[in-house]
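# Geometric and topological summary
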Amino acid sequence: MSTTLTVQLTLEECCLLVEVPAESLIEIVEHGIVEAGGGSPRDWRFDPAALDRLRQALRLQRQLELDWQAVAVALELLDEVARLRAENESLRRRLLRFMEP
């Protein structure tokens, strides 16, 4: 039987890893950019995927000088573009199978 170990990071650990103050990370969570498990901020736990999302959000915020609400919208749009590209590629592969002699 295999067990999957999932690393969970605290608010403080995430702040250190992405070099952002706790107040900013709390605001990011409040805008739904990343999800935190737990009740209050001191109990929050983040999975490793949240770090990538945080880094992407911070990059957008810094480079484009966006507020967190705009970052949330931009990330939703980027996710949609990625989903549509994957769907397009899948449909293209299916179509090619029908076109091959």
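As a reminder, the structure under discussion sits directly above these lines.
Figured I'd write up the structure that's included with this text. Model, not experiment: these values are computed from the prediction.

Criteria and cut-off values
Residues numbered from 1 in each chain as written. Predicted model: local features only at pLDDT ≥ 70, side-chain atom pairs only at ≥ 80, totals over all residues. Heavy atoms only, no water. Patch = residues over 30% accessible without salt bridge, like charges linked within 9 Å, V, L, I, M, F, W, Y side chains within 5 Å. Areas by Shrake-Rupley, 256 points an atom, 1.4 Å probe, with all protein chains shown as cover. Salt bridge = Lys/Arg side-chain N within 4 Å of Asp/Glu carboxyl O. Helix = DSSP H or I, 4+ residues; strand = E, 2+ residues; numbered from the N terminus. Buried < 20%, exposed > 50% of the residue type's maximum accessible area, 1.4 Å probe, protein only. Phe/Tyr/Trp six-rings, centres within 6.5 Å; stacked < 30°, edge-to-face > 60°. Arc of directions from axis to C-beta. Contact = heavy atoms within 4.5 Å.

## Thoughts on a nonpolar patch on the surface
Residues Leu95, Leu96, Phe98 and Met99 make up a contiguous nonpolar surface patch of about 480 Å² in total accessible area. Along the chain, the position of Phe98 falls in helix α4 (residues 68-99). Overall, the relative accessible area of 72% leaves Phe98 in the exposed class.

## Some thoughts on the packing of aromatic side chains
Under the counting rule described, the total for this entry stands at one aromatic pair. Residues Trp44 and Phe46 carry aromatic rings whose centres are separated by 6.1 Å and whose planes lie at 90° to one another, so their mutual orientation is edge-to-face. Trp44 sits in the buried class, given a relative accessible area of 8%.

## Focus on helix α1 (residues 11-18)
Restricting attention to buried positions, one finds in α1 the residues Leu11, Cys14, Cys15 and Val18. For α1, the buried positions fall inside an angular range of 100° around the axis, keeping them on one side. Elements that come into contact with the buried residues of α1 comprise β1 (9-10), α2 (22-30), β2 (45-46) and α3 (48-64). In the segment just after α1, Glu19 is the residue with positive phi, at about 55°.

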